[in-house]
Amino acid sequence: MELLQNKNVLVVGATGGIGAETARLIKNNNANVFLTGRDLSKLQEVATNCNIALDQVFQLDITNPNAVEQVAAKIHEKVGQLDILVNAAGIGIIKSLEDLSYEDFNQVIDVNLKGTFHLLKSFLPPMKEAKKD
Ligand SMILES: NC(=O)c1ccc[n+]([C@@H]2O[C@H](COP(=O)([O-])OP(=O)(O)OC[C@H]3O[C@@H](n4cnc5c(N)ncnc54)[C@H](OP(=O)(O)O)[C@@H]3O)[C@@H](O)[C@H]2O)c1
């Protein structure tokens with residue numbers, strides 16, 4: 001797919017089923033791929049399988065906005081800005097309402113909702129700036 005060739009792409013949650021497979025497909029289309037996840041050894045395994053350099057891999061918990069900002073700064077230093085961000089990080093706690101605790105609910109909101117917001121805050125503005133040029 002020529003559309004992806006040489007594009008700077010970040011796959012967040014690259015240690016998961018969807019993220020790892022997405023990373024493989026995108027890398028196979030000759031994009032410049034960065035990976036993040038929490039489990040560093042799994043992340044490195046995915047990177048090695050996809051032929052992605054280990055200095056393009058960052059351990060990241062997306063519930064931590066400062067950590068997201070720091071990883072964004074490292075990636076922006078390398079490539080200016082991303083072209084594509086794939087967020088495949090997420091959790092699902094499947095329980096009946098009676099069994100679902102406030103802690104469970106907050107955890108889901110922290111990762112799936114707030115985590116996505118932190119990613120957008122750190123990565124989207126440079127992408128928008130680049131589009132203006
Ligand atoms: N598979 C499906 O059929 C399906 C269908 C609909 C929706 N979804 C949703 O799509 C998303 C990905 O699915 P999947 O099947 O690939 O799930 P998965 O295999 O469980 O992978 C989840 C990914 O999210 C990452 N993650 C979780 N909490 C994180 C955090 N706080 N910070 C950073 N990364 C975090 C995990 O990283 P670590 O392992 O490194 O912690 C892992 O890479 C999930 O939200 C899932 O609910 C999946």
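Thresholds, definitions, all that
- Residues numbered from 1 in each chain as written.
- Predicted model: local features only at pLDDT ≥ 70, side-chain atom pairs only at ≥ 80, totals over all residues.
- Heavy atoms only, no water.
- Near = heavy atom within 4 Å.
- Polar contact = N/O pair within 3.5 Å; in protein donor to acceptor, adjacent residues only side chain to side chain.
- Areas by Shrake-Rupley, 256 points an atom, 1.4 Å probe, with all protein chains shown as cover.
- Nonpolar A, V, L, I, M, F, W, Y, C, P; charged D, E, K, R; others polar.
- Helix = DSSP H or I, 4+ residues; strand = E, 2+ residues; numbered from the N terminus.
- Buried < 20%, exposed > 50% of the residue type's maximum accessible area, 1.4 Å probe, protein only.
- Pairing = 2+ DSSP bridges.
- Right-handed = clockwise from strand over helix to strand, strands pointing away.
- Axes fitted to C-alpha atoms, helices over the stretch in contact; angles between N-to-C directions.
- Parallel < 35°, antiparallel > 145°, perpendicular 65-115°, else oblique.
- Left-handed = near helix turned anticlockwise from the far one by under 90°.
- Contact = heavy atoms within 4.5 Å.
- Expected span 1.5 Å × (residues − 1).
- Arc of directions from axis to C-beta.
- Salt bridge = Lys/Arg side-chain N within 4 Å of Asp/Glu carboxyl O.

Peer 1: Which residues make up the site of the ligand, and what are the values?
Peer 2: The immediate surroundings of the ligand are formed by 17 residues, with Thr15, Ile18, Arg38, Asp39 and Asp61 found nearest. Separating an oxygen atom of the ligand from a backbone N or O atom of Asp39 is a distance of 2.9 Å. Burial of the ligand by the protein amounts to 61% of the accessible area it has alone, namely 890 Å². Residues that form the shell around the ligand fall into these classes: 7 nonpolar, 7 polar and 3 charged.

Peer 1: Go over unusual backbone geometry with me, naming the residues and quoting the values.
Peer 2: Positive phi outside glycine occurs at Asn6, with the angle close to 65°. Although it is not a glycine, Asn30 adopts a positive phi angle of roughly 65°. You can see Asn30 is positioned in the loop between helix H1 (17-28) and strand E2 (32-37).

Peer 1: Could you give me a rundown of the pairing of strand E1 (residues 8-12), with the residues and numbers involved?
Peer 2: Here E1 lies mainly inside the structure; 5 of its 5 residues are buried. Every second residue of E1 is oriented toward a common face, with Asn8, Leu10 and Val12 on one face and Val9 and Val11 on the other, all of them buried. Relative to E2, E1 is paired through 5 bridges, and the arrangement is parallel. When the sheet's bridge partners are listed, Val9 is paired in E2 with Val33. Read from E1 through H1 to E2, the crossover connection turns out right-handed. Two strands pair when backbone bridges link them, and E1 and strand E4 (residues 84-87) are joined in this way by 4 bridges, in the parallel orientation. Within E4, the residue paired with Val9 across the bridge is Ile84.

Peer 1: Talk me through the packing of helix H3 (residues 65-79) against helix H4 (residues 102-132); I want residue IDs and the actual numbers.
Peer 2: Where H3 contacts H4, the two axes come as close as 8 Å, and the packing angle between them is 25°. What the angle tells us is that H3 and H4 run roughly parallel. Every pair of crossing elements has a handedness; the one defined by H3 and H4 is right-handed. The residues of H4 that touch H3, namely those facing Pro65, Val68, Glu69, Ala72, Ile75 and His76, are His118, Leu119, Ser122, Phe123 and Pro126. Class assignment for the residues of the contact of H3 with H4 results in 7 nonpolar, 3 polar and 1 charged.

Peer 1: Residues and numbers for H1, please.
Peer 2: The end-to-end C-alpha separation of H1 is 17 Å, in line with the 16 Å expected for 12 residues at 1.5 Å each. Taken residue by residue, H1 has Gly19, Ala23 and Ile26 as its buried positions. Viewed end-on, H1 has its buried residues packed into an arc of 75°, placing them on one side of the element. Set apart from the buried face of H1 by more than 90 degrees, the exposed residues are Gly17, Ile18 and Asn28. Check the buried side of H1 and you find it contacts E1, E2, helix H2 (40-50) and E4.

Peer 1: Can you break down the pattern of salt bridges residue by residue, with the values?
Peer 2: Taken as a whole, this structure holds 5 salt bridges when the rule is applied. Here Lys95 ties to Asp104 by a salt bridge, and the two come within 2.8 Å at their closest N and O atoms. According to the relative accessible area criterion, Lys95 is partly exposed, its value standing at 43%. Among the ionic pairs, Lys114 bridges to Asp110, the shortest N-O distance being 3.5 Å. Linking Lys114 with Asp110, this pair stays in helix H4, spanning 4 residues, or about one helical turn. Given the relative accessible area of 44%, Lys114 is considered partly exposed. By relative accessible area, which is 29% here, Asp110 ends up partly exposed.

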